[in-house]
Amino acid sequence: MLQEKTGFEQEVENALKALRLGGVILYPTDTIWGLGCDATNESAVDKIYQIKHRPENKSMIVLVATPRDILKYVAAPTPEVWDIVERAEEPLTVIYPGGIGLAPQLLDEEGNVAIRVVKDEFCFHLIKRLRYPLVSTSANISGMPFPENFHQIDQKILNAVDYVVNYRRDDVEKKKPSRIIKLEKNGAITTIRE
């Protein structure tokens, strides 16, 4: 585990060190606390599957800093989705057909990828400085309830990651996962989770 430091900037730096070494971090997102890694690093993504005891056929969400970043990781996003993403007031994950440039485990069996543009300052700075998208999956063992705040995270998860971010640990506000919609190849939109 890396040496802990305090302060927003130091926490970004500490998390970046772990991510650049192919590590897994436990970090606050724009929704719930998540496990994260460089979304282009296959071995780091494998570590998250191992930590969560998650079946490999269940893909995970990818976080990007700006809507423009979607173009790097989706083969041909339809223009209609830009309005939806930019108008979303709550965190919104969109499942796009034709994921590209990411660890293959992050794509489902049809090649779809779930991407959310972050609206959280910490995540934004982390992604921009890493220069790669982040994996974001709930900080729980697969099949168990997701933690609504840091204090509900299982000790097994805390012990398994390479770095635990100190920023926002004391935030006790109950958080929930993002809304999820799926963009079909024909342009239709299906709600997966409200």
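Now for a look at the structure at hand. (Residues numbered from 1 in each chain as written. Predicted model: local features only at pLDDT ≥ 70, side-chain atom pairs only at ≥ 80, totals over all residues. Heavy atoms only, no water.)

### A few points about unusual backbone geometry
Here His 53, not a glycine, exhibits a phi torsion of approximately 55°, which is positive. Along the chain, the position of His 53 falls in the loop between helix H2 (42-52) and strand S3 (61-64). For His 53, a relative accessible area of 58% gives the class exposed. Here Arg 168, not a glycine, exhibits a phi torsion of approximately 65°, which is positive. With respect to the helices and strands, the residue Arg 168 is situated in the loop between strand S7 (163-164) and strand S8 (179-183). (Helix = DSSP H or I, 4+ residues; strand = E, 2+ residues; numbered from the N terminus. Buried < 20%, exposed > 50% of the residue type's maximum accessible area, 1.4 Å probe, protein only.)

### As for the pairing of S3
Along S3, one buried face is formed by Ile 61 and Leu 63 and the opposite face, lined by Val 62 and Val 64, is buried too. One ladder, built from four bridges, connects S3 with strand S5 (residues 113-117); its direction is parallel. Residue pairing across strands places Val 64 opposite Val 117, the latter belonging to S5. Note that S3 and strand S6 (residues 134-138) share three bridges and pair antiparallel. Bridge assignment links Ile 61 to a residue of S6, and that residue is Ser 136. (Pairing = 2+ DSSP bridges.)

### Topic: the packing of aromatic side chains
The full count for this structure, using the stated rule, is four aromatic pairs. With 5.8 Å between their ring centres and 90° between their planes, Phe 8 and Phe 122 make a pair best called edge-to-face. Separated by 114 residues along the polypeptide, Phe 8 in helix H1 (residues 8-20) and Phe 122 in helix H5 (residues 121-130) bring together distant segments of the chain. Take Phe 122: its relative accessible area is 0%, and that puts it in the buried class. (Phe/Tyr/Trp six-rings, centres within 6.5 Å; stacked < 30°, edge-to-face > 60°.)

### Quick notes on the pairing of S5
On a regular strand, each side chain points to the face opposite its neighbour's, so the side chains alternate between the two faces of the sheet. Burial runs high along S5: five of the five residues are buried. Across the two faces of S5 the burial is the same, with Val 113, Ile 115 and Val 117 and Ala 114 and Arg 116 all buried. Here four bridges tie strand S4 (residues 92-96) to S5, and the two strands are oriented antiparallel to one another. The residue bridging Thr 93 from the neighbouring strand is Arg 116, located in S5.

### A short note on the sheet that holds strand S1 (residues 25-28)
The strand order S7-S1-S2-S6-S3-S5-S4-S8-S9 describes an open sheet built from nine strands, whose pairing is mixed. Edge strands, defined here as strands with exactly one partner in the open sheet, are S7 and strand S9 (189-193). With respect to the sheet, helix H4 (residues 80-87) is in contact with S4, S5, S8 and S9, its orientation differing from that of S4 by roughly 160°. (Contact = heavy atoms within 4.5 Å. Axes fitted to C-alpha atoms, helices over the stretch in contact; angles between N-to-C directions.)

### Here we look at the packing of H1 against H5
Relative orientation of the contacting elements H1 and H5 amounts to 45°, with a least axis distance of 10 Å. Taken together, the axes of H1 and H5 lie oblique to each other. The way H1 lies across H5 gives a crossing that is right-handed. Mapping the contact onto sequence places Phe 8, Glu 9, Glu 11, Val 12, Glu 13, Ala 15, Leu 16, Leu 19 and Arg 20 in H1 and Glu 121, Phe 122, His 125, Leu 126, Arg 129 and Leu 130 in H5. Classifying every residue of the contact of H1 with H5 by side-chain character gives eight nonpolar, one polar and six charged. (Parallel < 35°, antiparallel > 145°, perpendicular 65-115°, else oblique. Left-handed = near helix turned anticlockwise from the far one by under 90°. Nonpolar A, V, L, I, M, F, W, Y, C, P; charged D, E, K, R; others polar.)

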